[in-house]
Amino acid sequence: YRLGNYAFALPDCASADSHTTPHAGLSIYLSDGKTLLARFLMHDTIRDDARSCITELKRAGITVHILSGDHAFSVRHTALQLGIEHIKAEQSPEQKLAYVQQLEQAGKQVTMVGDGINDLPVLSGARLSIAMGSASDLTKLNSDAILLNEHLQVLSQAFNTARKGRNIIIQNISWAIGYNVIMLPLAAAGWVPP
């Protein structure tokens with residue numbers, strides 16, 4: 001018996017069209033090598049806080065992309081539910097990495113969030129990578145940060161906190177430069193004590 005995608009389950013059959021109707025999920029086929037015995041339809045559920053997290057990230061000016069190894073129909077369905085315009089479906093780990101590198105070469109600052117072993121190359125290659133808490137140990141090891149819980153809201157909170165922290169740093173540096181630009185010439189001229 002063979003269990004997997006259509007090409008694996010029935011390697012000698014040319015086309016899966018008569019057995020594959022598009023649906024928002026994954027199809028797994030069971031065969032005896034010659035005859036299709038069963039088709040299993042599996043559906044992913046979207047995390048409860050995914051929509052609000054994506055909305056907050058977009059509101060903050062962050063462009064969200066989906067890079068997935070899943071079939072295009074399923075990825076488009078998920079992207080439509082989440083309001084994500086930029087998708088790449090049926091991507092190998094190498095293609096995901098190439099896409100992220102292309103974005104970075106175009107001057108984009110990329111953060112990759114992933115959980116699968118197939119995300120390992122792109123997590124290792126991204127400027128900032130975040131592994132989900134449920135990710136494999138190897139994936140976690142090759143990520144810059146690990147989301148310790150399964151709540152995606154932590155991502156938008158982390159970006160907001162980082163943005164606020166950066167603004168405070170810029171404000172403090174600006175004050176220090178302004179103070180030094182004004183006070184050093186006055187101190188050098190002897191008008192104020194050093």
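Details of the structure are given in the entry above.
Report follows, based on the coordinates. Within every chain, residues take consecutive numbers counted from 1 along the sequence as written. For a predicted model such as this one, the threshold for reporting local features is a pLDDT of at least 70, and the threshold for listing and counting side-chain atom pairs is 80 or more; totals across whole chains, interfaces and linings nevertheless cover every residue. Side-chain numbers here rest on the full set of heavy atoms in the structure, without hydrogens or water.

Numbering of helices and strands runs from the N terminus, with a helix taken as a DSSP run of H or I at least four residues long and a strand as a DSSP run of E at least two residues long. Along the backbone of the protein there are seven helices and eight strands. Here the globule rule reads 2.2 Å times residues to the power 0.38, and the radius of gyration is calculated from C-alpha atoms. In summary, the protein has a C-alpha radius of gyration of 24 Å against a globular reference of 16 Å for 194 residues, an excess of more than 25%. Projecting the C-alpha coordinates of the protein onto the three principal axes gives extents of approximately 95 × 30 × 30 Å. Counting contacts in the protein only where the partners sit at least 6 residues apart, residues at least 24 apart contribute 33% of the total. As displayed, the protein has an accessible area near 12,800 Å², and 58% of this comes from carbon and sulfur atoms. Charge separation in the protein, taken as the distance between the mean sites of 16 positive and 17 negative side-chain charges, equals 7 Å. We call two residues in contact when some of their heavy atoms are within 4.5 Å. All accessible areas in this document rest on Shrake-Rupley with a 1.4 Å probe, and a residue is counted as covered only by the protein chains that are shown. Neither His nor the chain ends is counted toward charge; the positive residues are Lys and Arg and the negative residues Asp and Glu. Note that the charge is assigned to NZ on lysines, CZ on arginines, CG on aspartates and CD on glutamates.

Spatially, 6-7-8 is the arrangement adopted by the three strands of the open sheet, whose pairing is parallel. Strands with a single pairing partner mark the edges of an open sheet, and in this sheet they are strand 6 (111-114) and strand 8 (145-147). Shown here is a sheet whose adjacent strand axes are inclined to one another by a mean of 25°, direction ignored. Note on pairing: DSSP must find at least two bridges between two strands before they are called paired. Alignment of strand 7 (residues 128-132) against strand 8, held across three bridges, turns out to be parallel. Looking across to strand 8, one finds that I130 is bridged to A145. Lines fitted to C-alpha atoms define the axes here, with helix axes fitted over just the stretch in contact, and angles between the N-to-C directions of these axes take values from 0 to 180 degrees.

A few words now on the sheet that holds strand 3 (residues 36-42). Adjacent strands of a sheet pair through backbone hydrogen bonds, lying either parallel or antiparallel. If you walk across this open sheet you meet the three strands as 1-2-3, and the pairing is antiparallel. Two strands close off the open sheet at either side, each with one partner strand: strand 1 (2-4) and strand 3. Taken pair by pair, the neighbouring strands of this sheet meet at an average axis angle of 10°, ignoring direction. Where strand 1 and strand 2 (residues 26-31) come together, three bridges link them in antiparallel fashion. Bridge pairing links G4 to Y29 in strand 2.

Note on pairing: side chains with opposite charge can pair once their charged atoms come close. In the sections that follow, a salt bridge refers to a side-chain nitrogen of Lys or Arg positioned within 4 Å of a carboxyl oxygen of Asp or Glu. The full count for this structure, using the stated rule, is two salt bridges. K96 is paired through a salt bridge with D119; the nearest N and O atoms lie 2.8 Å apart. Here D119 lies in the loop between strand 6 and helix 5 (120-125) and K96 lies in helix 4 (residues 93-105), a separation of 23 residues in the sequence. The burial state of K96 is the same as that of D119; both residues are buried. Classification of residues uses two cut-offs on accessible area relative to the type maximum, computed with a 1.4 Å probe and protein chains only: under 20% is buried, over 50% is exposed, and between them is partly exposed.

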